[in-house]
There are 2 protein chains.
Amino acid sequence: MTSSQQDIYQPSDKGGYSPDPHRYCVIMCGGIGSRFWPYSRTDMPKQFLDFFGTGRSLLQMSYDRILPLVNPENILVVTNRRYVDLVCEQLPEIPRERILLEPDRRNTAPCIAWAAYHIAAIDPEASMIVTPSDHLITREHIFEACVARGFDFVEHHDALLTLGITPTRPETGYGYIQIGRELEPGLLKVKTFTEKPNKELAQVFLDTGEFFWNAGIFLWTVNSIKQALHRHAPDLACVFDRGEAYFGTPKEEEFIEENFAGCPSISIDFAVMEKADNVYVECVNFGWSDLGTWGSLYDNSRKDEDDNVTLAANVMTYESTGNIIMGPEGKLVVTAGIHDYIVADAGDVLLICPKSDEQHIKVMLTDVQLRHDDKYL
Amino acid sequence: MTSSQQDIYQPSDKGGYSPDPHRYCVIMCGGIGSRFWPYSRTDMPKQFLDFFGTGRSLLQMSYDRILPLVNPENILVVTNRRYVDLVCEQLPEIPRERILLEPDRRNTAPCIAWAAYHIAAIDPEASMIVTPSDHLITREHIFEACVARGFDFVEHHDALLTLGITPTRPETGYGYIQIGRELEPGLLKVKTFTEKPNKELAQVFLDTGEFFWNAGIFLWTVNSIKQALHRHAPDLACVFDRGEAYFGTPKEEEFIEENFAGCPSISIDFAVMEKADNVYVECVNFGWSDLGTWGSLYDNSRKDEDDNVTLAANVMTYESTGNIIMGPEGKLVVTAGIHDYIVADAGDVLLICPKSDEQHIKVMLTDVQLRHDDKYL
C-alpha cells in the first residue's frame, strides 16, 4: 500500500480510472433466502433471481456494482457447492478457480476467514471488501464513493470497517450499530453491535441518531482480519493456519474438503466484530435494503396510485391497496378486495399472505417440508 | 310411440334394459361460461373442463349420465363450430355427423329447433331430451328415473316438459317456474316462468313452495316442439321449414351455413316455453347445480374443517376460511388470512376475488379484453 492510492481514485464514469491492484472483493452468495419463499428456493435462492425484471440478478448487480472499484480478476465468489453452476452461468466472467465452494453451511465467519486466507496467499498486501450478494443498493455512485473511502481508510489503519446505513424507519428486522467517537466526518468508532430490537427500542434507536443499520458489508486488509481472527476466534484461525501452505494452490480444495466441516458455525459479527476493539463504522446512505423480506421489497419498490407494488406479471387490481404482487412474466394476475397482502406466484407455488404475517413464512416452510419434503422448497 | 313403452323401462343397473330406440338426446355445449373465468376460457369453456378432478369433464359427465336412457347412436351434440375438435376429442364415441355445428351464436331456440328438425328427419316418431352440458347432477340414479318418467309423459301427451328443481335456498341466480294444476304427483302444469328474482322475492318463492328452479332441461316429442315452434316462433319455424328436404342429408350443413345466421337470437324459454299453453314441469330433486358461478361451485363442493373448498392443487391454509381455492394439478397454494375469497389459478391467469364480488368478473373480462385483446379470455 502506498499513500498515493487516495489520489488514484476517480469516479468510474469519468473513465481512465484503474482500480488499485491490491483491492479485492469477496461476494458471499451461499444463503438460501428462505424468508423470500416461494420466490427464493433452495435450488434457486434469491441472489440468483432477477427480482426487479432488470435483466440482472441480485448477484449480477452486486458484481456490476463492484466492478468500478476492484479489478475483475480480484473478484471472488464464495458460495455453497450446490450453487456452482448457477454462479458460473450468471457470472461467466469469474473463472472457476475464483469461486470458493463451501462444502457445508457454516455461517459467515468460516467463509470470510477462508476468503481472507486465500487472498492473503495470493497477495499479502491485499485489502478486501466482503459483501452479500442479495441486497439492493439504489444509489450506486454513492456506494462507489463510500467503498473507495472505506478501502482507503482500512489501508491506512489497522481497522475492521463496517458500513452503517443511516436508518430511515424503526426497523425491527435489522441489527444496529451504535456509534462512538468520530475520527473524521462519517467515520466513527463502533461502540456496540445490537441484535434486532423490538418496535419500541427501534424507535428509540432512530430518535437518538446514534444507531445505524448493520449492512453486513465489511472492509479490511487481509492482515487486519487475520490478526483479529487469531485474537478473537482462535479455533477458526487455527483451522486455516494449518492450511497456510495450500491456499492458492491446487491442494486448497482438498484441504477445505477435509477441514471446513470442522469449523464452528458462527457469524463474523459474533466471532470478531463484537469482540474486537479496532472496529469502525462508515456511516453511509446509498439506498440500501437487505431485501430480507417481502416487506422490505415492498418498501423499496415503486408503487402505483393504490400503493400496490407489482413485479413481472401483468397485474390488474380492483379495490386492492398496499399489496406486493408478483407473478411469472406474462401471467395475468387480477385481484379484487385485498389490502396489504403478499401475492407471490412462483410458478409451482402460490403464496397469499398478509404482509404483516410474513414472519409466518418460516413456519409455513416447515409445514411444507413435512408434507411434501423438498419438492416446493 | 306405443303404450307398452312404460313397461319397457327398467332402471339401468338391473341389467337387460335396452333404451327405447325412438328416444334421442341433444347435449348443448356451445356456451362460453364467462362467469367461471379464468378457468372457463373462450377456447376451453367450462363444459370441457374436469372441474372436480374426476377424470371426466362436465360434458363427458353429461354424456355418461344420459347413456342408460338413450341409445348411444341417438345422442347428438350441438355446439359452436370452434369447439368441434374439443367435442371429438372428449366424446370420440360420437361421430362427426352427430355433432351439429352452429356457425354463429344464436342462443338456445335456433339450436334446439335445428336439433328437433334434424331428429325429425331421421325419426319422425322421436322423443327427445335437451340438456345443457355444463351442469352438475349428483344423484344420477334419481336423474335417470326422472328422465325416464319424463320421456314416458311426453310420449303420451302433446306436452312440452321442463324439469323443475326443488329449491333449497333463496337463490337469485336462477329463473323460477311457478307450478299450477297437478296432473299426477310431481307432474304439474306450469303457471309462469319468472326471471331471476331479487333476494326478498326469492325468499317468498322459497316460502310458498310453488316455485321451482328452471334447470333448462326439456323433454318433448319432435312433433310437439315443431308444432310449438310453428305456433309461437313462426319466423324460426319458417327458416327450418325451408330446409326440410336437407335435414339428415349431406346438404344439411350447407343449408345451415346459409340460413342459421338469419335466425333470431332468442332463448327457447322466451320463444316457446313462456308462450305455449301445453307446458308442464316435472318437479325433481337430483342434486342439481348449474355451476354458473364460483359461488355455486363452492356450494356444491366438499368443504374442509375451515369451510374451504380446494380443487386440484395442493392447498395449505392458515387462518383462511370459506374460500374456494383452485390451481393447476401439482401446484402448491398457500394462503394466510383470507376469508370467503375465490382464488383461481388457471396457469396463465390468477384471479383473487371475494366470493361476494363474483358478479364483478364480467366487468373484469371487459377490462382484460381492452388491455390484452383475447389473450387471457
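Structure's up top.
The residue numbers shown here count from 1 along each chain, following its written sequence. Written order decides the labels, with chains lettered from A and ligands numbered from 1. Given that the model is predicted, a residue must reach a pLDDT of at least 70 before its local features are reported, and side-chain atom pairs must reach 80 or more before they are shown or counted; all residues, however, enter totals for whole chains, interfaces and linings. Based on all heavy atoms of the structure, the side-chain values leave hydrogens and waters out of the count.

Engineer: Describe in detail the overall build of chain A, supporting the description with residues and values.
Structural biologist: Secondary structure follows DSSP: runs of H or I at least 4 residues long count as helices, runs of E at least 2 residues long count as strands, and numbering of each begins at the N terminus. Each helix and strand in chain A was counted, giving twelve helices and 17 strands. The quantity called the radius of gyration is restricted to C-alpha atoms. Its globule counterpart is 2.2 Å times the number of residues to the power 0.38. Taking 377 residues into account, the globule formula puts the C-alpha radius of gyration at 21 Å, and chain A, at 21 Å, falls close to it. Principal-axis analysis of the C-alpha atoms places the extent of chain A at approximately 60 × 45 × 40 Å. The rule is simple: take the accessible area with a 1.4 Å probe, protein chains only, and divide by the maximum for that residue type; under 20% is buried, over 50% is exposed, in between is partly exposed. Expressed as a percentage of the 377 residues in chain A, the buried residues total 58%. The contact rule is simple, with two residues in contact once any of their heavy atoms fall within 4.5 Å. In chain A, of all internal contacts separated by at least 6 residues, the share reaching a separation of at least 24 is 67%. Shrake-Rupley sampling with a 1.4 Å probe provides the accessible areas, and residues are treated as covered by the protein chains on show and by no other component. For chain A, the computed accessible surface area is about 15200 Å², with 49% contributed by carbon and sulfur atoms.

Engineer: Can you break down the relation of the copies chain A and chain B residue by residue, with the values?
Structural biologist: Each copy of the sequence occupies a distinct position, and chain A is placed on chain B by a rotation of 180° and an axial shift of 0.0 Å, giving an RMSD of 0.1 Å. Put plainly, the chains are arranged around a two-fold axis. Mapped onto chain B, 100% of the interface residues of chain A again fall at the interface, so both copies present the same surface. We place the copies in one frame by least squares, fitting the C-alpha atoms of every residue whose pLDDT is at least 70 in both.

Engineer: Break down the packing of helix α7 (residues 222-232) of chain B against helix α8 (residues 234-242) of chain B for me, citing the residues and quoting the values.
Structural biologist: Residue and element names in this part refer to chain B. Here α7 crosses α8 at 125°, and the two axes come no closer than 6 Å. Between α7 and α8, the angle falls in the class oblique. Of α8, the residues touching α7 (which contributes Leu229, His230, Arg231 and His232) are Pro234, Leu236, Ala237 and Asp241. Classifying every residue of the contact of α7 with α8 gives four nonpolar, two polar and two charged. Every axis in this analysis is a line fitted to C-alpha atoms, fitted for helices over the stretch in contact. Angles between the N-to-C directions lie between 0 and 180 degrees. By definition in this entry, angles of less than 35 degrees are roughly parallel, angles greater than 145 are roughly antiparallel, angles of 65 to 115 are roughly perpendicular, and the rest are oblique. Put simply, Ala, Val, Leu, Ile, Met, Phe, Trp, Tyr, Cys and Pro go in the nonpolar bin, Asp, Glu, Lys and Arg in the charged bin, and everything else, Gly too, in the polar bin.

Engineer: Please give an account of the interface of chain A and chain B that cites residues and values.
Structural biologist: With 34 residues of chain A in contact, the opposing surface of chain B contributes 34 residues. Here chain A and chain B share an interface that buries about 2700 Å² over both sides, 61% of which is from carbon and sulfur atoms. Here the quantity called buried area is the total loss of accessible area, with a 1.4 Å probe, experienced by two parts when brought into contact, counted for both. Of all residues in chain A, Leu332, Leu350 and Ile352 of chain A bury the most surface against chain B, accounting for 23% of the area lost on that side. Mapped by element, the contributors of at least two residues to the side of chain A that touches chain B are β13 (314-318), β15 (332-336), β16 (341-345), β17 (349-354) and α12 (361-372) of chain A.

Engineer: Let's hear about the pattern of salt bridges: which residues, and what values?
Structural biologist: All names here are of chain A. A carboxyl oxygen of Asp or Glu within 4 Å of a side-chain nitrogen of Lys or Arg is what we treat as a salt bridge. Under the criterion given, the structure shown has 27 salt bridges over all chains. Glutamate 140 is the partner of arginine 65 in a salt bridge, and the nearest nitrogen-oxygen pair spans 3.4 Å. A residue pair is termed long-range when its members are at least 10 positions apart, and arginine 65 in helix α2 (residues 58-66) and glutamate 140 in helix α5 (residues 140-156) qualify at 75 residues. Classification of arginine 65 by relative accessible area gives buried; the value is 5%.

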